[in-house]
Amino acid sequence: MKYSKDFQKAIDFYKDSTPIQKKMFLNLISDKFTLFDGENCFEVDTEYNINFNGIYYQINIKKE
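Structural notes, computed from the coordinates. Owing to the predicted nature of the structure, the values given are computational and were not obtained by experimental measurement. Throughout, a residue's number is its position along its own chain's written sequence, starting from 1. Per-residue local features of the predicted model are confined to residues with pLDDT of at least 70, and side-chain atom pairs are confined, for both listing and counting, to 80 or more; whole-chain, interface and lining totals are unaffected and use all residues. As a convention, hydrogens and water are excluded, and side-chain values are obtained from all of the structure's heavy atoms.

Let us now look at the pattern of salt bridges. Close approach of charged atoms lets side chains of opposite charge pair. Within this document, salt bridges are pairs made up of a side-chain nitrogen of Lys or Arg and a carboxyl oxygen of Asp or Glu, the two lying within 4 Å of each other. Throughout the structure, instances matching the rule amount to 2 salt bridges. As a salt-bridge pair, K32 and D31 come within 3.3 Å of each other at their nearest N and O atoms. Both residues of the pair, K32 and D31, belong to the exposed class. Across the pair K62 and E43 runs a salt bridge, and its minimum N-O distance is 3.7 Å. In this pair, K62 sits in the segment after β4 (56–58) while E43 sits in strand β2 (residues 41–43), placing the two residues 19 residues apart along the sequence. Each residue is placed in one exposure class: buried if its accessible area under a 1.4 Å probe, protein chains only, is under 20% of its type's maximum, exposed if it is over 50%, and partly exposed if it falls in between. Only DSSP runs of H or I reaching four residues or more are called helices, and only runs of E reaching two or more are called strands; each is numbered from the N terminus.

What follows is the structure, given as structure tokens:
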């Protein structure tokens with residue numbers, strides 16, 4: 001499948017980076033995204049670093 005140049009760079013980063021590099025990237029952009037549960041939106045709590053919880057990434061959210 002052929003992708004745009006920018007999207008291909010994103011795909012290559014995802015495929016070629018380690019979980020630790022992905023975690024570092026998520027920490028870099030954590031102040032730029034919001035999480036939704038279908039009804040509510042939550043901001044990332046930047047007091048805490050994104051880290052691993054088992055094989056998953058743990059992203060702490062701010063309490064309302």
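So much for the structure itself; the text now carries on.
Attention now moves to the packing of aromatic side chains. Between rings of Phe, Tyr and Trp, where Trp is taken as its six-membered ring, a pair exists when centres lie within 6.5 Å; planes separated by under 30 degrees are stacked, by over 60 edge-to-face, and by other angles tilted. Under the definition given, this model contains 3 aromatic pairs. Where Y3 meets F7, the ring centres are 5.1 Å apart and the plane angle is 65 degrees; that geometry is what we call edge-to-face. Y3 gets classed as partly exposed once you look at its relative accessible area, which sits at 36%. Given a relative accessible area of 41%, F7 falls into the partly exposed group. A positively charged side chain is recorded as over a ring if its NZ (Lys) or CZ (Arg) lies within 6 Å of the ring centre. The angle to the ring normal must also be within 35 degrees. When the ring centre of Y14 is taken as reference, the NZ or CZ atom of K22 above it lies at 4.0 Å.

A few words now on the environment of K9. Tracing the sequence through the fold places K9 in helix α1 (residues 5–16). Residues K9 and K32, 23 residues apart in the sequence, show an inter-C-alpha distance of 20 Å.

Function-wise, these values are silent; they only describe arrangement.
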